[in-house]
Amino acid sequence: MTKLKLGMIGGGPGAFIGPVHLMAARLDDRLALTAGAFSRDAGKNRQAGEGYGLAPDRVYPSWQALLSEEARRPDRIDVLSIVTPNDTHFPVAKAALEAGFHVLCDKPATLNLEEALRLRDVVRATGKHYALTYTYSGYPLVREARKLIAEGKLGQIRKIVVEYSQGWLSQDVHSKQADWRADPRQSGLGGCIADIGVHAFHLSEFVSGAHVESLSADLSIVVPGRTLDDDCNVLLRYNKGTRGVLVASQIAAGDRNGLRLRVYGEKGGLDWSQETPNTLTLNWHDAPTQILHAGTPYVSYGARVPAGHPEGYLEAFATLYSDFAHQVTTGEASIVPGIEDGVRGMAFIETAITSSRNKSWETLL
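Everything quoted here is computed from the prediction, not taken from an experiment.

Asker: Could you clarify how one ought to interpret the sheet that holds strand E10 (residues 258-265) in this entry?
Answerer: Remark on secondary structure: sheet strands pair via backbone hydrogen bonds, oriented parallel or antiparallel. Spatial strand order, E13-E12-E11-E10-E6-E9-E8-E7-E14: nine strands in an open sheet with mixed pairing. Each edge of the open sheet carries a strand with a single partner, namely strand E13 (290-293) and strand E14 (361-363). Along the sheet, successive strands turn relative to each other by an average axial angle of 15°, direction set aside. Across five bridges, strand E11 (residues 268-273) lies against strand E12 (residues 276-284) in antiparallel orientation. In the sheet register, Gly-268 faces E12, and the bridge partner there is Trp-284. Contacts from helix H6 (residues 140-150) reach strand E6 (157-165), E10, E11, E12 and E13, with the element oriented near 25° to E12.

Structure below.
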């Protein structure tokens, strides 16, 4: 297998998602971190480069310098990973694609829908590969659920219930991670809806194969002093008559990372939870309940370890990196989320905000 050379923007000391991306990239040994611009702070940037074992001349003071210098090198990077706050996703991705690099970006795609549409034009014009880390699409049993529905095992899909509940912002918290998410200049117009609500939205469409056509949202600010939503309740109308409910909250005190998806068809329903990701429950209308286990021969999407040895968040992330590396290397299509998912995600965020403000049903792009 060809090992691709990876560059990273962001992910310096104190970051959460940067090290997660790096562990994921390294797990299947398909990519090697080769260059980076990890922090605007020179000391932290140097510290990160040293910690990641990079040569000093491959640690750059800015993302602009990285793209400029790497483009000139005969041993230039192949893929750029963007792990910065939302406001820099578009300019970095656009410049990287136009410089000839493939891009893998943390979600959401951009700061707003207008940027997402412009970025889609850039992806199409450059012909470079672009992917988004909607992490939960990398779990084996999420992919198995998608396959079962596509095969018609549940029959016509009637109802989708997806919830994502966290409690870490149930108080007036201030930290590097909390502060940028509460700042519209860095996060965009959405708070909870953009941070985790869009994950729930993507998961519902990815698994069910249905597409949201319209929605009615009620977004709230529960903790005093915030400027962006921290609690979200959304009614969804999908194509083919499917109805749905999406709940996303970061003020659900005591909850950790409660992402759960239930999909109901004519013949039965399925139930998957991120906190118990190695089982998928199938509840049949006229047959006993089935529980599928990751890593077993009857599951189409393989795990890295035998059944009973749990895989989780990092492995799902690694699956996206490995699949994207295969896509870049071979040119073959994959189910890794791409720019179209990015556009739909941004459309969902902005449509939900408009709906909540106007107290109305709104059509999704």
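Asker: Explanation requested: the sheet that holds strand E1 (residues 4-9) in the structure shown.
Answerer: As summarised here, the arrangement of the five strands in space is E2-E1-E3-E4-E5, forming an open sheet in which the pairing is parallel. The sheet terminates laterally at strand E2 (31-37) and strand E5 (130-132), the two strands that pair on one side only. The mean inter-strand angle of the sheet, taken between neighbouring strand axes irrespective of direction, is 25°. Inspection of the sheet shows E1 paired to strand E3 (residues 79-82) by four bridges, in the parallel sense.

Asker: Where do I start with unusual backbone geometry in this structure?
Answerer: Most of the time, phi is negative for any residue but glycine, and the peptide bond is trans. Pro-108 follows Lys-107 through a cis peptide bond whose omega is -5°. Looking at where Pro-108 falls in the secondary structure, it is placed in the loop between strand E4 (102-105) and helix H5 (113-126). Residue Lys-240 is not a glycine yet carries a positive backbone phi of 60°. Using a relative accessible area of 70% as the deciding quantity, one classes Lys-240 as exposed.

Asker: Is there a simple way to explain the side chain of Ser-81 in this structure?
Answerer: Turning to its location among the elements, Ser-81 is positioned in strand E3. For Ser-81, a relative accessible area of 0% translates into the label buried. Ignoring anything within four residues of it in the chain, the contact list for Ser-81 reads Leu-6, Gly-7, Met-8, Ile-9, His-21, Leu-104 and Tyr-321.

Asker: Just to check I follow, could you spell out the packing of aromatic side chains for this structure?
Answerer: The way to describe two aromatic rings as a pair is by their centre distance and the angle between their planes. The full count for this structure, using the stated rule, is seven aromatic pairs. Ring centres of Tyr-136 and Tyr-164 lie 5.9 Å apart, and the angle between their planes is 85°; this geometry places the pair in the edge-to-face category. Of the two residues, Tyr-136 is situated in the loop between E5 and H6 and Tyr-164 in strand E6; the sequence distance between them amounts to 28 residues. For the pair Tyr-136 and Tyr-164, a shared accessibility class is recorded, and that class is buried. Judged by centre distance (4.4 Å) and plane angle (5°), the ring pair of Phe-201 and Phe-348 falls under stacked. Placement of the pair is Phe-201 in helix H9 (residues 192-208) and Phe-348 in helix H11 (residues 339-358), with a sequence separation of 147 residues. Across this residue pair, the class does not change: Phe-201 and Phe-348 are buried. Among the aromatic residues, those joined into a cluster by ring pairs are Tyr-136, Tyr-139, Tyr-164, Trp-272, Tyr-313 and Phe-317. Lying across the ring of Phe-206, Arg-146 places its NZ or CZ 4.3 Å from the centre. It is Arg-237 that lies over the ring of Trp-361; its NZ or CZ is 3.7 Å from the centre.

Rules of the game
Residues numbered from 1 in each chain as written. Predicted model: local features only at pLDDT ≥ 70, side-chain atom pairs only at ≥ 80, totals over all residues. Heavy atoms only, no water. Pairing = 2+ DSSP bridges. Helix = DSSP H or I, 4+ residues; strand = E, 2+ residues; numbered from the N terminus. Axes fitted to C-alpha atoms, helices over the stretch in contact; angles between N-to-C directions. Contact = heavy atoms within 4.5 Å. Buried < 20%, exposed > 50% of the residue type's maximum accessible area, 1.4 Å probe, protein only. Phe/Tyr/Trp six-rings, centres within 6.5 Å; stacked < 30°, edge-to-face > 60°. Lys NZ or Arg CZ within 6 Å of the ring centre and 35° of its normal.

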